[in-house]
Amino acid sequence: MSALPPIDQSLLPAEVRDGSKQDKQSYQAALGFERMLLGELTKALADTAKPAGEDGDAQPEDAASSMYMQMLPDQLADSMISNGGLGLAEDFYASVKARS
């Protein structure tokens, strides 16, 4: 998995922004996990968006279309994470924080 995209610090929960280095690292790990889940979900979404031929099989694509279709899920997941994600990271972080 690639590194997380830059995230606007104002989108982080106040507890994390004002927290310790460990709090920031824990939240970063939670965001990484959310990013992984989003990546898998967007890959499944992209697979359903492939055009089908008359017999129901996927049509062969040209090289450029194929490349863009492969890049789309990761770009979509990165965009969602860089804009604060879906909120799953906050739940993951709270769960980890409660156990420590």
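Procedures and definitions
Residues numbered from 1 in each chain as written. Predicted model: local features only at pLDDT ≥ 70, side-chain atom pairs only at ≥ 80, totals over all residues. Heavy atoms only, no water. Axes fitted to C-alpha atoms, helices over the stretch in contact; angles between N-to-C directions. Helix = DSSP H or I, 4+ residues; strand = E, 2+ residues; numbered from the N terminus. Parallel < 35°, antiparallel > 145°, perpendicular 65-115°, else oblique. Left-handed = near helix turned anticlockwise from the far one by under 90°. Contact = heavy atoms within 4.5 Å. Nonpolar A, V, L, I, M, F, W, Y, C, P; charged D, E, K, R; others polar. 1 Å grid on protein atoms, 1.4 Å probe; cavity = no way out; pocket = protein on both sides within 12 Å on 5 of 7 lines; lining within 4 Å. Points joined across faces, edges and corners; volume = space filled by probe spheres on them. Salt bridge = Lys/Arg side-chain N within 4 Å of Asp/Glu carboxyl O. Buried < 20%, exposed > 50% of the residue type's maximum accessible area, 1.4 Å probe, protein only.

Undergrad: Would you mind going over the packing of helix 2 (residues 21-48) against helix 3 (residues 63-82) with me for this structure?
TA: The description of two helices packed together rests on the angle between their axes and the distance between the axes. Their axes nearest at 8 Å, the elements helix 2 and helix 3 cross at an angle of 140°. By the angle between their axes, helix 2 is oblique relative to helix 3. Relative to helix 3, the crossing made by helix 2 is right-handed. Where helix 2 approaches helix 3, its residues Leu31, Glu34, Arg35, Leu38, Gly39, Thr42, Lys43, Leu45 and Ala46 are matched on the opposing element by Met69, Pro73, Asp74, Leu76, Ala77, Asp78, Met80 and Ile81. When its residues are assigned to classes, the contact of helix 2 with helix 3 shows 10 nonpolar, 2 polar and 5 charged.

Undergrad: What's the story with the packing of helix 2 against helix 4 (residues 88-99) in this structure? I'm lost.
TA: The interhelical angle for the contact between helix 2 and helix 4, taken along N-to-C directions, is 135°, at an axis separation of 8 Å. The angle between helix 2 and helix 4 places the two elements in the oblique class. The two elements helix 2 and helix 4 cross, and the hand of that crossing is right-handed. Counting all contacts with helix 2, which are made through Asp23, Ser26, Tyr27, Ala30, Leu31, Phe33, Glu34 and Leu37, the residues of helix 4 involved are Leu88, Ala89, Glu90, Phe92, Tyr93 and Lys97. For the contact of helix 2 with helix 4, the residue count by class is 9 nonpolar, 1 polar and 4 charged.

Undergrad: I'm lost on empty space enclosed by the protein in this one. Help?
TA: If a probe the size of a water molecule is rolled over the atoms, the empty space left behind becomes visible. What the rule picks out here adds up to 1 cavity of 30 Å³ or more. When its volume is computed, the largest cavity comes out at roughly 40 Å³. The wall of the largest cavity is formed by Ile7, Leu11, Leu12, Tyr27, Leu31, Ile81 and Gly84. Taken together, the residues that form the lining of the largest cavity break down as 6 nonpolar, 1 polar and no charged.

Undergrad: Would you mind showing me how to read the pattern of salt bridges here?
TA: When the charged atoms of two side chains with opposite charge come close together, those side chains can pair. In this structure the tally under the stated criterion is 4 salt bridges. In this structure, the salt-bridge partner of Asp23 is Lys97, at a minimum N-O distance of 2.7 Å. One end of the pair, Asp23, is in helix 2; the other, Lys97, is in helix 4, and 74 residues separate them in sequence. With relative accessibility at 10%, the residue Asp23 sits in the buried group. Owing to a relative accessible area of 33%, Lys97 belongs among the partly exposed residues under this scheme. In this structure, Asp74 engages Arg35 in a salt bridge whose closest nitrogen and oxygen atoms are separated by 3.2 Å. In this pair, Asp74 is assigned in helix 3 and Arg35 in helix 2, connecting sequence segments 39 residues apart. Its relative accessible area of 30% is what places Asp74 among the partly exposed residues. Connected via shared salt-bridge partners are Arg35, Asp74 and Asp78.

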